[in-house]
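# An overview of the molecular structure
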Amino acid sequence: MTTLPVGRGSDDHVGTESPRMGAESSDPLAAALSVADFADLARTGLGEELWDWLEGGAERERTLAGNRDAFAGVAVLPRVLTDVSSCDPACSLVRSPAALPVAVAPIAYQRLFHPEGELAVARAAADSGLPYTVSTLSSVPMEEIAATGATTWFQLYWLRDKGAVLDLVQRAEAIGSEALVLTVDVPVMGRRLRDMRHGFALPPTIRAANLDGGGMSRAHERVDGGSAVAAHTASAFAPSLTWHDVEWLRERTRLPLVLKGLSHPADALRAAELGAAAVVVSNHGGRQLDGAAPSAVALPAVVEAVEGAFGESCQVLVDSGIRGGADVLRALALGASGVLLGRPVLWGLAAGGQAGCARVLSLLGEEFRHAMALAGCPDLAAVARLRTTTMPCHCGGDHQ
Ligand SMILES: Cc1cc2nc3c(=O)[nH]c(=O)nc-3n(C[C@H](O)[C@H](O)[C@H](O)COP(=O)(O)O)c2cc1C
């Protein structure tokens, strides 16, 4: 069994104390001037194994890289002379109020990155006025996360034990979750070679707090050349999940249902037909099918299909590759109603706990409001009307 070091701030964390920007400023969080700056801050403070768990994708990581390339390749045609003296980015996402068209994506086991884990991220999301998505695999029980006062959505993985699924749904309702986000792209876990090479396993102190009474699981049993988290997924998740289960679920919850992890317009249409309040175009941040279409590529056809048939009754959200306010603008210009922010929030958590997350979210808001103004958009309706074209990616492999 491994004793994987956990992130900065814990009793037993490893990694360098001073992030690169910390050498230049007494307050490295304040010195970070963009969301993307936090990648460096987080990386210097985390060991290689944890960094790879966070940043890694499946197989050859083509989709992981493609997600960034595709957003970077979306070029917006700004409007001018539109009076942008005040820009309003507030909206409603899946019926929850949001200060920006952004919700925090579900990310498993956040205490790996900071002892306060999910509590720190949820508090930062609450302070920023953004919904926080609690993962089925959160390392703090969902009831404690809800007690932070954050607007929560609950993300559901389909477990082999249907009674346990129902129990999670009822607990999510009881804590006041405002949406149920069913993740549909993990029938089995993608082959994440970085984790397999490290023999990645959870340290004994980090547990799936919502499951199995929060005890030890296969996710803690280190196997050479394999990922213990993948082994746990294989034993706990049901690869047999189908549309019939979605119908079964819909009949058993009063929460708005969101299907996360689809790319095909036909799947999005079927979700909307079944009454989904939203779909999330997502490839799980390149962690599942390597070779799946980048989200920015898949998004327009999903928007066209769902908007045409269902109008605003089913929102289209997107994740996988959002790294700053300009990406949020691009996503909305491509037709999304909002985005889920994934890895960057964890960069903030690793770099500085709640304050680090708060800084990431505040920079994201600043970047997005700036992008709105520069694109000539006083409101989100104007963002949705923006036209886009493409531009070649000149990132030279720097996909941040
Ligand atoms: C470390 C890590 C853990 C994740 N855990 C979950 C999870 O528990 N449930 C889920 O639906 N998605 C999970 N995801 C996927 C995210 O919700 C989101 O789809 C993805 O991070 C988007 O890609 P991006 O972070 O590159 O933008 C995880 C992603 C990462 C990087």
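Residues numbered from 1 in each chain as written. Predicted model: local features only at pLDDT ≥ 70, side-chain atom pairs only at ≥ 80, totals over all residues. Heavy atoms only, no water.

Where an unreviewed UniProt entry is consulted, the chain appears under the name FMN-dependent alpha-hydroxy acid dehydrogenase, with the organism given as Streptomyces sparsogenes DSM 40356. Check the Cofactor (unreviewed entry) section of the UniProt entry for the chain; it says "FMN". As stated in UniProt under Sequence similarities (unreviewed entry), the record for the chain gives "Belongs to the FMN-dependent alpha-hydroxy acid dehydrogenase family." (UniProt positions renumbered as here; feature names shortened; annotations may be inferred.)

This part is about the site of the ligand. In the vicinity of the ligand, 22 residues are found, and the nearest of them are Ser135, Thr183, Asp319, Arg323 and Arg343. Contacts to the ligand include Lys260, whose side-chain N or O atom sits 3.1 Å from a nitrogen atom. Between His284 and the ligand, the recorded distance is 3.3 Å, taken from a side-chain N or O atom to a nitrogen atom. Considered on its own, the ligand offers 610 Å² of accessible surface; in the complex 98% of this is hidden by protein. Among the residues forming the shell around the ligand, the class breakdown is eight nonpolar, nine polar and five charged. (Near = heavy atom within 4 Å. Polar contact = N/O pair within 3.5 Å; in protein donor to acceptor, adjacent residues only side chain to side chain. Areas by Shrake-Rupley, 256 points an atom, 1.4 Å probe, with all protein chains shown as cover. Nonpolar A, V, L, I, M, F, W, Y, C, P; charged D, E, K, R; others polar.)

Detailed reading of the predicted coordinates is not advisable wherever pLDDT is low. Per-residue pLDDT for the chain averages 93, and the proportion of residues at 70 or more is 92%. Within the model, the stretch residues 1-6 combines pLDDT values under 50 with 26 contacts to residues more than four positions away or in other chains. Low pLDDT, under 50, characterises residues 9-23; the stretch is placed with 28 contacts to residues that sit more than four places away or in other chains. (pLDDT = per-residue confidence, 0-100. Contact = heavy atoms within 4.5 Å.)

With that settled, the discussion passes to the packing of helix H4 (residues 62-72) against helix H13 (residues 325-333). Here H4 crosses H13 at 75°, and the two axes come no closer than 10 Å. Comparing their axes, H13 and H4 come out roughly perpendicular. Along the contact surface, H4 presents Arg68, Phe71 and Ala72, while H13 presents Asp327, Arg330 and Ala331. Across the contact of H4 with H13, the residue classes tally to three nonpolar, no polar and three charged. (Axes fitted to C-alpha atoms, helices over the stretch in contact; angles between N-to-C directions. Helix = DSSP H or I, 4+ residues; strand = E, 2+ residues; numbered from the N terminus. Parallel < 35°, antiparallel > 145°, perpendicular 65-115°, else oblique.)

Contact geometry for helix H2 (residues 37-45) and helix H14 (residues 343-374): axes closest at 10 Å, N-to-C directions at 170°. By the angle class used here, H2 and H14 are roughly antiparallel. Two secondary-structure elements touch here, H2 through Phe38, Ala39, Leu41 and Ala42 and H14 through Trp347, Gly348, Ala350, Ala351, Gly356, Arg359, Val360 and Leu363. Looking at side-chain class alone, the contact of H2 with H14 contains nine nonpolar, two polar and one charged residues.

The tally for this structure, following the rule as stated, stands at ten salt bridges. One salt bridge in this structure joins Glu49 and Arg222, with 4.0 Å as the shortest N-O distance. Here Glu49, found in helix H3 (residues 48-55), pairs with Arg222, found in the loop between helix H8 (193-198) and helix H9 (228-236); they are 173 residues apart in sequence, far enough to count as distant. Residue class for Glu49 comes out buried when judged on its relative accessible area of 18%. On the basis of relative accessibility, which here comes to 33%, the residue Arg222 falls in the partly exposed class. (Salt bridge = Lys/Arg side-chain N within 4 Å of Asp/Glu carboxyl O. Buried < 20%, exposed > 50% of the residue type's maximum accessible area, 1.4 Å probe, protein only.)

Although it is not a glycine, Leu81 sits at a positive phi angle of roughly 60°. Mapped onto the fold, Leu81 is located in the loop between strand E1 (74-77) and strand E2 (91-93). We classify Leu81 as exposed; its relative accessible area is 87%. Located in the positive-phi region is Val94, a residue other than glycine, with phi close to 45°. Note on Val94: relative accessible area 2%, which makes it buried.

Here Gln110 is to be found in the loop between strand E4 (102-104) and helix H5 (117-128). Side chain to side chain, Gln110 and Tyr132 meet in a polar contact 3.0 Å long. Excluding its chain neighbours within four sequence positions, the residues that come into contact with Gln110 are Gly117, Glu118, Val121, Tyr132, Ser139, Leu346 and Leu349.

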